[in-house]
Amino acid sequence: MIDFNEPVSIAHGGNLGEAVRRYGIARENWTDLSTGINPDGYPVPPIEPSAWLRLPDDDDDLEAVAARHYGSVRALAMAGTQAAIRMLPEVLPAGPIGIGLLTYGEYAPAFARAGFRVERFITEPFADRRDSASFVLEPGRSLPANLKHLVLVNPNNPGTEQFAPEVVMDWHRQLSARGGTLVVDEAFVEAIPGLSVASRSDSEGLIVLRSVGKFFGLAGARAGFVLACPRVDRAMRQLRGPWTVSGPARAAVRAALLDTAWQAQARERLTAASTRLVRLLGVYGLNALHTPFFAWVRDARAEKWQDCLARHGVWVRRFDVVAGLRFGLAADESAWGHIEDALREARSEMDVR
């Protein structure tokens, strides 16, 4: 079994520069599907010039706006949820922590570096990988007796698994009873709000992370929120320090969180686009699962598919721990056409190989 407690470098989507160097195709000629970010992001209104001239106001109403939006008691603004992930080991008591075998890659190294024993789990769709994980995470089943904490990405990235709130809260109850914590990463839940447990984040032993980068397409703002009980909120607020989210970013995020009309339209657009993507992939023999933000294709030939598509200027994210590809959404009709042409050519080349 792979030792997942050894810190490793993490490859992420958005690494188009790597593709440009490897394949010698100019950046402007690529269609980049390597991230799960909404390509039709929030149209940020003009930023007041004064936002660039003064320190960020940590006492503005951004956190109150976020708490109302998420339906939580409180919200702590962070420089992206990545910053929160690095702080989590500082606020959780030591103990074994369950983290998915196929999930967002920053959690395991963060906890391993802090000395936590990382126990990798799989879900039922990946049952054939039992030899690579410590346990199977199943709704309605007891968590391993030795487990202190659990990290759950819901919906999961990239495997697309979704967990109903009552299932999530059952795992929370099990961990809370043993003095542990459930961390729920809801980076992709904004388009499927019925999955969220943000409204219960005041509970001891439950920490919810929310991102504005994916749904709102504001990844460059580097802003996210921690929703947690008073004890954890205080501890992370001290670790965070002042001025962590810039003034211009605070203004952009505040506007996006308040724009409920845009949010409703975005959910419809994302759902339609992801459905279109799945159908398109199916035409060329790629059976996909999906969230509103991306499609996941499990395929033993993932490396070949990625290479063939890249030779035609389409960049997708490849995963190796479970061989597969993640396809993000196209930004416009020109990109949709480019994707279909690349899939057609790649399919032909795959058949020849």
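In what follows, the structure referred to is the one given above.
Residues numbered from 1 in each chain as written. Predicted model: local features only at pLDDT ≥ 70, side-chain atom pairs only at ≥ 80, totals over all residues. Heavy atoms only, no water.

**A look at the environment of Leu101**
Summarising the element assignment, Leu101 is placed in the loop between strand S3 (97–100) and helix H4 (107–113). Accessibility expressed as a relative area gives 5% for Leu101, which makes it buried. In sequence terms Leu101 and Arg130 are 29 residues apart; their C-alpha atoms lie 10.0 Å from each other. (Helix = DSSP H or I, 4+ residues; strand = E, 2+ residues; numbered from the N terminus. Buried < 20%, exposed > 50% of the residue type's maximum accessible area, 1.4 Å probe, protein only.)

**Side note on the packing of aromatic side chains**
Across all of its chains, the model carries 15 aromatic pairs by this definition. Ring centres 6.0 Å apart and planes at 80° place the aromatic pair Tyr104 and Tyr107 in the edge-to-face group. In this structure Tyr107 comes out as buried when scored by relative accessible area, which is 0%. The interplanar angle of 75° and the centroid separation of 5.7 Å between the aromatic rings of Phe215 and Trp262 together place this pair among those described as edge-to-face. With Phe215 in the loop between strand S8 (206–211) and strand S9 (224–227) and Trp262 in helix H8 (residues 260–283), the pair connects residues that are 47 residues apart, well separated along the chain. The exposure class assigned to Trp262 is buried, which follows from its relative accessible area of 8%. Among the aromatic side chains, those forming a connected cluster through ring pairs are Tyr42, Phe215, Phe216 and Trp262. Over the ring of Phe294 we find Arg326, and its NZ or CZ is 5.7 Å from the ring centre. (Phe/Tyr/Trp six-rings, centres within 6.5 Å; stacked < 30°, edge-to-face > 60°. Lys NZ or Arg CZ within 6 Å of the ring centre and 35° of its normal.)

**A look at the sheet that holds strand S11 (residues 295–298)**
Here we have 4 strands laid out as an open sheet, ordered S10-S11-S14-S13, and antiparallel in their pairing. A strand with exactly one partner marks an edge of an open sheet, and here the two such strands are strand S10 (288–290) and strand S13 (317–319). Sheet twist, expressed as the average angle between the axes of neighbouring strands with direction ignored, equals 25°. When S10 meets S11, the two strands line up antiparallel, connected through 3 bridges. Each bridged residue has a counterpart across the sheet, and for Ala288 the counterpart in S11 is Val297. Packed onto the sheet, helix H9 (residues 302–310) meets S13 and strand S14 (324–327) and runs at close to 40° relative to S14. (Pairing = 2+ DSSP bridges. Axes fitted to C-alpha atoms, helices over the stretch in contact; angles between N-to-C directions. Contact = heavy atoms within 4.5 Å.)

Geometric values such as these leave the question of function open.
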